[in-house]
Amino acid sequence: MIIGVLKEIKPNEYRVAATPTAVKELTRRGHEVYVENNAGVGSGFSDEEYKEAGAKIADCDTVYDKADLIYKVKEIFPEEYKYMKKDKILFTYIHSNAHREMTEALLASGITSIAYEDVDDKNGKFPLLIPMSELAGKGGFLAALHFMQAVHGGKGMLLANVAGVETPTVTIIGAGASGMGAAELATAFGNRVNILDVSIEGLKAAKDKLPPNASLLFSNRANLEKCLKETDVLINCILWDKTRKDHLVYKEDLKLMKPGSMIVDVACDDEGAIETCRSTTHDDPIYEVEGITHYCVDNIPSAFARTASTTLANATLPYVIQIADKGLKQALKDNKYLRRGLTTYEGKLTLLETAVKHDIPFVSPDDIVKEF
Ligand SMILES: NC(=O)c1ccc[n+]([C@@H]2O[C@H](COP(=O)([O-])OP(=O)(O)OC[C@H]3O[C@@H](n4cnc5c(N)ncnc54)[C@H](O)[C@@H]3O)[C@@H](O)[C@H]2O)c1
């Protein structure tokens, strides 16, 4: 199979889908890989390294033209719609739920698209999301470390345990992949760390993994209010139900917090768990409401592009290998978890939540595979 690795065009997106190591694995298995000029530069991978791994370096038009499988990181932008063609496979983060126009373009093109974020595993986890969540949680804590500094407009507090000084309090809501990433760093720096979750199992697992400076609390209004009053940094890592109209932290609640404290919204749902959250960018990451600094960058992992590209490629490569070695149809037949990520197939929408949200007819991926 011919695999095409593209340079991402989203502003501030420095990740690349395949590292030279991943390319080497594909070429070693007899597949051809085309990599767009400078595709890996933002992650510190040169064209030379890709060439040494067996890739051919080419311009964007050529890579799209040659590729049977388009291997990317981000969703498809209007400038890229023209490259979407029937008989090609797109494997990337798609988020069709959030992008109606793009979904319609994919359907109109007839391309087969598979979304990283919807591929799950036997434990109901999302193996292609988890690596990015861990980085987002860790990056969220590091952003707090940065923006709490006086030289960056903060109240000049070092988020660490310093002898003779009251230890800062970091509260993390959600003990999943991103919450645990944030907790790992926040506890390692010696902070007092509160972690709230509605899952007792999740809290138990967190307790086993974290040092004693982490307190595990059930997430309810009373515990949240108590934490808000004592916290210096609140990190929101909840997987929020997008249909919910309420919030956990209301604008009014910011008055409970100490002046100059900070909210890092890793989950980053506009007016989601944190009512005052609106997504920000790496160029303009923070804003203030009621004296509380908000950091709501929606692509935190891109700041750590090399680490992010490597961990993402480690996670996605096994699926690319299955598709490339067996062919699309056999890979989808054999792997029901990969099949769950199927978003469009020959003009049919195969992802239920997007079909419901946008009122577009849905065909089950299982029914698609029965026809093979
Ligand atoms: N900003 C970014 O760059 C970035 C990057 C990666 C992921 N994310 C987002 O971060 C969010 C979390 O991702 P994740 O992989 O950590 O999810 P996850 O499913 O691993 O963890 C979510 C946790 O939230 C808990 N939870 C649900 N409702 C709760 C409540 N009311 N109170 C407390 N806890 C509650 C769940 O029990 C679960 O443990 C997602 O929305 C994801 O899209 C953002």
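Everything below is about the structure shown above.
Residues numbered from 1 in each chain as written. Predicted model: local features only at pLDDT ≥ 70, side-chain atom pairs only at ≥ 80, totals over all residues. Heavy atoms only, no water.

**Describing the overall build of the chain**
Broken down by element type, the chain carries 13 helices and 15 strands. A compact globule built from 372 residues would reach a C-alpha radius of gyration of about 21 Å, and the chain, at 22 Å, matches this within 12%. When the backbone C-alpha atoms are referred to their principal axes, the chain occupies close to 65 × 45 × 35 Å. The buried share among the 372 residues of the chain stands at 53%. Across the chain, contacts joining residues at least 24 apart in sequence account for 63% of those joining residues at least 6 apart. Of the roughly 16400 Å² of accessible surface on the chain, a fraction of 52% belongs to carbon and sulfur atoms. Averaging the positions of the 44 positive and the 54 negative side-chain charges in the chain gives two centres separated by 4 Å. (Helix = DSSP H or I, 4+ residues; strand = E, 2+ residues; numbered from the N terminus. Rg over C-alpha atoms; globule rule 2.2 N^0.38 Å. Buried < 20%, exposed > 50% of the residue type's maximum accessible area, 1.4 Å probe, protein only. Contact = heavy atoms within 4.5 Å. Areas by Shrake-Rupley, 256 points an atom, 1.4 Å probe, with all protein chains shown as cover. Lys, Arg positive; Asp, Glu negative; His and termini not counted. Charge placed at Lys NZ, Arg CZ, Asp CG, Glu CD.)

**Considering helix α8 (residues 221–230)**
Buried within α8 we find Asn223, Leu224, Cys227 and Leu228. Buried residues of α8, seen end-on, are gathered within an arc of 135 degrees and therefore sit on one face of the element. (Arc of directions from axis to C-beta.)

**What about the pairing of strand β14 (residues 342–345)?**
Of the pairings in the sheet, the one linking strand β6 (residues 112–115) to β14 comprises 2 bridges and is antiparallel in character. Bridge assignment links Ser113 to a residue of β14, and that residue is Thr344. Of the strand pairs in this sheet, β14 and strand β15 (residues 348–349) are connected by 2 bridges, and their pairing is antiparallel. What sits directly across from Tyr345, in β15, is Lys348. Once β14 ends, the chain turns through 2 residues before running back antiparallel as β15, passing Glu346 with a positive phi of about 45 degrees. (Pairing = 2+ DSSP bridges.)

**As for the sheet that holds β15**
Strand order in the open sheet formed by 8 strands is β3-β2-β1-β4-β5-β6-β14-β15, with mixed pairing between adjacent strands. In this open sheet, the two edge strands, each paired with only one partner strand, are β3 (56–58) and β15. Bridging between strand β2 (residues 32–36) and β3 involves 3 bridges; their strand directions are parallel. Paired with Val35 across the bridge in β3 is Ile57. Lying over the sheet, helix α9 (residues 305–326) contacts β1 (2–5), β4 (69–71), β5 (89–92) and β6, oriented at roughly 180 degrees with respect to β4. (Axes fitted to C-alpha atoms, helices over the stretch in contact; angles between N-to-C directions.)

**Concerning helix α1 (residues 20–28)**
In an α-helix, one turn spans 3.6 residues, which is why side chains three or four residues apart end up on the same side. Taken together, the buried positions of α1 are Pro20, Ala22, Val23 and Leu26. Projected down its long axis, α1 carries its buried residues within an arc of 155 degrees, all on one side. In α1, the exposed positions that point more than 90 degrees away from the buried face belong to Thr21, Lys24 and Arg28.

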